[in-house]
Amino acid sequence: MPVTIGALRESAPHETRVSLVPEVADKLAQTGARVLLEHGAGARANFPDALYKKVDWSDSPGSVLSTADVVLTVQPLSLDQIQQLKSGAVVIGFMQPHARKAEVKALRDRRITSFAVELIPRISRAQSMDALSSQAAIAGYKAVLIAASHLPKFFPMLTTAAGTIRPSQVLVIGAGVAGLQAIATARRLGAVVEAYDVRGATKEQVKSLGAKFVDTGVSAEGTGGYARELTAEEKAKQQEVLDSRIAAADAVITTASVPGRPAPKIISRAAVERMRPGSVVVDIAAEQGGNCELTRAGEVVEHNGVNIVGAVNLAADLAYNASEMYARNLLNFLKPAIEKGELKIDWNDEVFAQSCLTHEGTVKHEPTLKTLDS
Ligand code: NAD
């Protein structure tokens with residue numbers, strides 16, 4: 001029997017992306033799999049049903065959930081959706097294992113095999129599957145556009161008959177995937193860009209994009225390419241230097257995060273009060289608590305004339321490209337497990353082994369298991 005791969009119209013509020021775009025759905029169908037979509041699945045990402053050529057359709061999300069052997073999703077499935085899954089089904093998507101404990105337990109108790117794209121190892125071979133990176137790059141790009149549209153100034157320097165306009169100063173805090181894309185985007189718009197990250201390894205990357213690296217004298221290399229949490233003394237030193245750069249900036253884009261922990265607080269109320277009126281902070285880390293003390297997720301807070309944008313789910317603002325990139329990430333992950341239309345997961349493959357969240361009634365991901373009380 002060929003494996004049935006299903007995708008839903010995402011039900012989370014404000015989620016416009018879709019896990020399967022037409023190009024990818026057709027490629028999956030070419031592997032011999034059956035692809036089953038809920039009507040209107042891609043509509044909000046501007047992929048109308050008519051563009052999907054080789055798929056079957058279902059009128060209700062319930063029948064996709066109860067029929068599919070593999071369910072592809074963007075947002076974590078709700079408790080109700082997990083209850084409707086076919087026994088032994090496989091789910092692949094964002095799972096937010098640190099935040100969604102009840103859902104992780106439900107996946108375990110229903111003996112669902114779930115793969116969290118957040119847990120795909122960041123090895124060279126898996127770069128084409130790296131959904132964290134593809135979606136973060138979009139967020140970095142969009143954050144700069146939001147900053148530019150809030151600012152009562154041009155980004156580029158302009159020489160006009162009415163005199164010369166000075167370029168905007170942009171500070172990017174956190175130079176991971178989102179931060180580097182933010183730097184590149186702000187530079188393309190002509191701003192003068194500075195950037196900071198606790199990982200010294202980012203210094204060369206920042207410079208190669210034409211930005212200046214803010215040197216605070218603090219390094220926080222962690223394991224696996226991620227940052228570690230800083231000590232109180234390191235934080236104070238970092239703060240002193242950063243506060244002066246924040247005060248000088250017209251726009252600050254913050255992207256700093258430490259996996260599995262609340263976002264580090266880097267911009268204090270006092271630092272915002274040193275900024276010029278009309279300046280803007282776009283906080284991409286808003287959903288993890290924010291890098292700015294005044295950030296409120298999903299809101300724009302005005303403080304002494306400074307706008308602090310608590311940006312959430314920015315990738316959904318570019319739903320078309322975000323869905324294309326995400327669906328390709330999923331295809332590259334899933335394709336090696338489909339042989340002549342049938343699902344065969346190679347558990348010796350570290351990509352499958354490490355990204356598995358639940359399987360056969362157990363939570364496979366140790367750090368998540370430790371956070372569960374039962
Ligand atoms: P992330 O979203 O976890 O964090 C964003 C950035 O915030 C990171 O660069 C981090 O160092 C920085 N940060 C954390 N605390 C900070 C603080 N207090 N002040 C300033 N900055 C702070 O990171 P990410 O974008 O997912 O990337 C993390 C790393 O993984 C990077 O080195 C990236 O190059 C690497 N990576 C590797 C692969 C691969 O090899 N396949 C793919 C993607 C990313």
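Keep in mind that this is a model prediction, so the values were computed, not measured.

Novice: What is the right way to read empty space enclosed by the protein from this model?
Specialist: Leftover empty space is mapped by rolling, across the atoms, a probe with the size of a water molecule. Taken as a whole and assessed by the stated rule, the structure comprises one cavity of 30 Å³ or more. Of the voids in this model, the largest cavity is the one considered here, and its volume is about 50 Å³. In this structure, the largest cavity is lined by P76, L77, I82, V91, M95, R100, E103, V104 and L107. Looking at the lining of the largest cavity, the element that brings in the most residues is helix α4 (residues 101-109), giving three residues. When grouped by side-chain class, the residues that make up the lining of the largest cavity number seven nonpolar, no polar and two charged.

Novice: Mind showing me how you'd approach the packing of aromatic side chains here?
Specialist: Both the distance between ring centres and the angle between the ring planes are used here to describe each pair of aromatic rings. Scanning the model with the defined rule gives eight aromatic pairs in all. With a centroid separation of 5.5 Å and 10 degrees between ring planes, the pair formed by F94 and Y326 is classed as stacked. With F94 in the loop between β5 (90-93) and α4 and Y326 in helix α10 (residues 319-334), this pair connects stretches of sequence that are 232 residues apart. Note on accessibility: F94 and Y326 belong to one class, buried. Between F115 and F333, the ring centres sit 5.4 Å apart and the planes meet at 65 degrees, which makes this aromatic pair edge-to-face. Linking F115 in strand β6 (residues 113-116) with F333 in helix α10, this pair joins segments that are 218 residues apart in sequence. Three or more aromatic residues joined by ring pairs form one cluster here, namely F115, F333, W347 and F352.

Novice: Would you take a moment to explain helix α5 (residues 131-150) for this structure?
Specialist: Each α-helix winds once per 3.6 residues, and so residues spaced three or four apart point in a common direction. The end-to-end C-alpha separation of α5 is 29 Å, in line with the 28 Å expected for 20 residues at 1.5 Å each. A131, S133, S134, Q135, A137, I138, A139, G140, A143, V144, I146 and A147 are the residues of α5 that are buried. Buried positions along α5 lie against α6 (177-188), β12 (251-254), β13 (280-283), β15 (306-310) and α10. Looking at where α5 begins, the residue whose side-chain oxygen comes 3.3 Å from the main-chain nitrogen of L132 is D130.

Novice: I'm lost on the site of the ligand in this one. Help?
Specialist: Taken together, 23 residues lie near the ligand, and R122, S133, V177, D197 and R199 sit nearest. Q238 is positioned with one of its side-chain polar atoms (N or O) 3.2 Å from a nitrogen atom of the ligand. Coverage of the ligand by the protein chains reaches 83% of its 840 Å² of free accessible surface. Along the lines of polarity and charge, the residues of the shell around the ligand split into 11 nonpolar, eight polar and four charged.

Novice: I tried to follow the environment of I345 on my own but got confused; where do I start?
Specialist: Tracing the sequence through the fold places I345 in the loop between β17 (342-343) and α11 (350-355). Look at I345 and you get partly exposed, because its relative accessible area is 22%. Sequence separation between I345 and L334 is 11 residues, and the spatial gap between their C-alpha atoms is 8.9 Å. Excluding residues within four positions of it along the chain, I345 makes contact with F115, A337 and F352.

Novice: What's the story with helix α1 (residues 22-30) in this structure? I'm lost.
Specialist: For α1, every residue scored as buried is listed here: P22, V24, A25, D26, L28 and A29. Lining the buried residues of α1 we find β1 (4-7), β2 (34-38), β4 (70-72), α10 and β16 (338-339). One or two steps after α1, the chain reaches G32, where phi turns positive at roughly 100 degrees.

Novice: Explain the pattern of salt bridges here, please?
Specialist: If you walk through the whole model with that rule in mind, you get 18 salt bridges. For R17, the salt bridge is made with E15, and the minimal N-O distance between the two is 2.8 Å. Summarising the burial analysis for this pair, R17 and E15 share the class buried. For D250, the salt bridge is made with R276, and the minimal N-O distance between the two is 3.0 Å. In this pair, D250 is assigned in the loop between α8 (232-248) and β12 and R276 in the loop between α9 (269-273) and β13, connecting sequence segments 26 residues apart. Judged by relative accessible area, R276 falls into the partly exposed class, the value being 35%. Beyond isolated ion pairs, a larger network of salt bridges with shared partners links E23, K27, E324 and R328.

What counts, and at which threshold
- Residues numbered from 1 in each chain as written.
- Predicted model: local features only at pLDDT ≥ 70, side-chain atom pairs only at ≥ 80, totals over all residues.
- Heavy atoms only, no water.
- 1 Å grid on protein atoms, 1.4 Å probe; cavity = no way out; pocket = protein on both sides within 12 Å on 5 of 7 lines; lining within 4 Å.
- Points joined across faces, edges and corners; volume = space filled by probe spheres on them.
- Helix = DSSP H or I, 4+ residues; strand = E, 2+ residues; numbered from the N terminus.
- Nonpolar A, V, L, I, M, F, W, Y, C, P; charged D, E, K, R; others polar.
- Phe/Tyr/Trp six-rings, centres within 6.5 Å; stacked < 30°, edge-to-face > 60°.
- Buried < 20%, exposed > 50% of the residue type's maximum accessible area, 1.4 Å probe, protein only.
- Expected span 1.5 Å × (residues − 1).
- Contact = heavy atoms within 4.5 Å.
- Polar contact = N/O pair within 3.5 Å; in protein donor to acceptor, adjacent residues only side chain to side chain.
- Near = heavy atom within 4 Å.
- Areas by Shrake-Rupley, 256 points an atom, 1.4 Å probe, with all protein chains shown as cover.
- Salt bridge = Lys/Arg side-chain N within 4 Å of Asp/Glu carboxyl O.

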